[in-house]
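Commentary on secondary and tertiary structure
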Amino acid sequence: KGGIPDNVNSEFSYFFDLYYSNSIYTVIVGHPGTNYFYIFRHDENDASKGWLRWRYNPSSAGSQKKDYSDVAIYGDYVFLGYTEEDSKKGKVIIYKYDSTQSNFANKWQKQTTDLVPITRTNDERFGRSLSIYEDYLIVGTENEKAYIYKKDVNNEWTNSSEKIITPKTVQSNA
């Protein structure tokens, strides 16, 4: 089966992202109904290993049900946006690839700090949409806000000045 789940329709759909660099493909896929996400990695220079798969369920690390909303990947970073069922506030979890680990499952290390805005409200669903390019991550919400994070020299993702984009701050050329 090469790492593909038994019931592909129930576990794969809704959101995915792909990153390719230096002959290495990395794909993240998930399904909000199962609370699982999968990371697949394939090195064209070592094709004998095929596609390596890592499956994780952050909901198992606590009693609250988590609901994924989006994923993003760039370079060695994976971002997961999810909301907790009780408050729907949301946050973004960060994983970083650690090539020094020998076991593929241990190569994706959860970073110590989750992304949350300084001020967040119930039903905001921070992390509802994610987009990343190079050192910038944009995190969307359901209440017409988008937060801009930048990776600093210490490889930490920060929004120190609480940069927020709303429809009122964006002007149209129309």
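The model shown is predicted, which means the values in this text are computed figures rather than measured ones.

1. Remarks on the confidence of the model for the protein
Across the protein, pLDDT averages 78, with 74% of residues at or above 70. Across the protein, strand β9 (residues 129-133) holds the top mean pLDDT of 92, while helix α1 (residues 8-11) sits lowest at 51.

2. Section: the side chain of histidine 42
Summarising the element assignment, histidine 42 is placed in strand β3 (residues 36-43). Its relative accessible area of 12% is what places histidine 42 among the buried residues. Residues within four places of histidine 42 in sequence aside, it is in contact with Ser23, Ile24, Tyr25, Ala47, Gly50 and Trp51.

3. Side note on the nonpolar core
If you look at the biggest cluster of nonpolar residues, it comprises 16 residues, and the most contacted ones within it are Ile28, Tyr95 and Trp108. Where this core is concerned, the elements lending two or more residues are β1 (15-21), β3, β5 (66-74), β6 (77-84) and β7 (91-97). In contact with isoleucine 28, not counting residues within four places along its chain, are Phe15, Phe16, Asp17, Phe37, Tyr38, Ile39, Val71, Ile73, Val78 and Leu80. In this structure, Tyr77, Phe79, Leu137 and Val139 belong to the second largest nonpolar core, which totals 14 residues.

4. Examining the packing of aromatic side chains
Considering all chains together, one arrives at 12 aromatic pairs under this definition. When the ring of tyrosine 77 is compared with that of phenylalanine 79, the centres are 6.3 Å apart and the planes differ by 20°; the resulting orientation is stacked. With respect to class, tyrosine 77 is no different from phenylalanine 79; both count as buried. Pairwise contacts between aromatic rings join Tyr19, Tyr74 and Tyr133 into one cluster. It is arginine 41 that lies over the ring of tyrosine 97; its NZ or CZ is 3.7 Å from the centre.

5. Examining the pairing of β7
Within β7, six of the seven residues are buried, which leaves the element mostly enclosed by the surrounding structure. Note that β7 and strand β8 (residues 108-110) share three bridges and pair antiparallel. Counterpart to tyrosine 95 in the pairing with β8 is lysine 110.

6. Details of unusual backbone geometry
A positive phi angle is found at serine 23, which is not glycine, with a value near 70°. Checked against the element boundaries, serine 23 lands in the loop between β1 and β2 (24-31). Unlike most non-glycine residues, glutamate 134 shows phi in positive territory, near 50°. For glutamate 134, the location among the structural elements is in the loop between β9 and β10 (136-140).

Each value, and the rule that gives it
- Residues numbered from 1 in each chain as written.
- Predicted model: local features only at pLDDT ≥ 70, side-chain atom pairs only at ≥ 80, totals over all residues.
- Heavy atoms only, no water.
- pLDDT = per-residue confidence, 0-100.
- Helix = DSSP H or I, 4+ residues; strand = E, 2+ residues; numbered from the N terminus.
- Buried < 20%, exposed > 50% of the residue type's maximum accessible area, 1.4 Å probe, protein only.
- Contact = heavy atoms within 4.5 Å.
- Core = buried A, V, L, I, M, F, W, Y, C linked by side-chain atoms within 4.5 Å.
- Phe/Tyr/Trp six-rings, centres within 6.5 Å; stacked < 30°, edge-to-face > 60°.
- Lys NZ or Arg CZ within 6 Å of the ring centre and 35° of its normal.
- Pairing = 2+ DSSP bridges.

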